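Here's the letter readout for the chains.
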Amino acid sequence: MLTLAADIEVLARFGRALADPIRCRILLSLREAPAHPSDLADILEISRTRLSNHLACLRDCGLVVAVPVGRRTRYELADERLGHALDALRTAVVAVEADRTCGDADEKGCC
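Residues numbered from 1 in each chain as written. Predicted model: local features only at pLDDT ≥ 70, side-chain atom pairs only at ≥ 80, totals over all residues. Heavy atoms only, no water.

(A) Spotlight on the layout of surface pockets. In this structure, the second largest pocket encloses a volume near 220 Å³. In terms of lining, the second largest pocket is formed by V10, L11, R13, F14, C61, G62, L63, A78, D79 and L82. It is helix α1 (residues 4–18) that contributes the most residues to the lining of the second largest pocket, four residues altogether. Residues that form the lining of the second largest pocket fall into these classes: seven nonpolar, one polar and two charged. (1 Å grid on protein atoms, 1.4 Å probe; cavity = no way out; pocket = protein on both sides within 12 Å on 5 of 7 lines; lining within 4 Å. Points joined across faces, edges and corners; volume = space filled by probe spheres on them. Helix = DSSP H or I, 4+ residues; strand = E, 2+ residues; numbered from the N terminus. Nonpolar A, V, L, I, M, F, W, Y, C, P; charged D, E, K, R; others polar.)

(B) Fine view of the packing of helix α2 (residues 21–32) against helix α4 (residues 48–60). Relative to each other, α2 and α4 sit at 75 degrees, their axes nearing to 10 Å. In terms of orientation, α2 lies roughly perpendicular with respect to α4. Contacts between α2 and α4 involve I22, R23, I26 and L27 from the first element and R50, L51, H54, L55, C57 and L58 from the second. Looking at the contact of α2 with α4, its residues break down into seven nonpolar, one polar and two charged. (Axes fitted to C-alpha atoms, helices over the stretch in contact; angles between N-to-C directions. Parallel < 35°, antiparallel > 145°, perpendicular 65-115°, else oblique. Contact = heavy atoms within 4.5 Å.)

(C) Spotlight on the nonpolar core. With 21 residues, the main nonpolar core has I26, L27, L30, L51, L58, L63 and V64 as its most contacted residues. Contributions of two or more residues to this core are made by α1, α2, α3 (37–44), α4, β2 (72–77) and α5 (80–96). Take this core: its biggest share by element is four residues, from α2. With near-sequence residues (within four places) excluded, L27 lies in contact with L18, L58, L63, V64, L77 and L86. (Core = buried A, V, L, I, M, F, W, Y, C linked by side-chain atoms within 4.5 Å. Buried < 20%, exposed > 50% of the residue type's maximum accessible area, 1.4 Å probe, protein only.)

(D) Highlighting the side chain of D20. The topology assignment puts D20 in the loop between α1 and α2. Of the side chains bearing the opposite charge, R23 lies closest to the buried D20, which forms no salt bridge; the N-O distance is 4.3 Å. Reaching out from D20, the side chain makes a polar contact with the backbone nitrogen of I22 at a distance of 2.8 Å. (Lys, Arg positive; Asp, Glu negative; His and termini not counted. Salt bridge = Lys/Arg side-chain N within 4 Å of Asp/Glu carboxyl O. Polar contact = N/O pair within 3.5 Å; in protein donor to acceptor, adjacent residues only side chain to side chain.)

(E) Geometry of α3. Those residues of α3 lying buried are S38, L40, A41 and L44. Buried positions in α3, seen along its axis, are confined to an arc of 160 degrees and lie on one side of it. Across α3 from its buried face, at more than 90 degrees, point the exposed residues D42 and I43. Turning to α3, the residues buried within the fold contact α2, α4 and β2. Taken from the residues just after α3, E45 is the one with a positive phi, measuring 55 degrees. (Arc of directions from axis to C-beta.)

(F) Region of the structure containing the environment of T91. Topologically, T91 is positioned in helix α5. Take T91: its relative accessible area is 44%, and that puts it in the partly exposed class. Separated by 2.8 Å, the side chain of T91 and the backbone oxygen of D87 make a polar contact.

This is the structure in structure tokens:
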């Protein structure tokens, strides 16, 4: 069983990864299927350099893994449960208040 400090670190790491919309898009894309960086860059319409930086962050957070495939590298979620967690989190947030944005919360001193 994890300690409270370890639980907090895990959640903070997940939060840091989700704090950027591009990283969210990467995770949601990888939830659908593993992908090569060039394909992800095309799908997300971002440069490969920018994608590489975000993939490094997600790797450092332990959310994605790089899998060598011949001369190429494929990325996938580190654990299939992450895809389920993303779905559950999105569903829970939408169920609570679908019309709120983080900007709304910032104006009230939250987030």
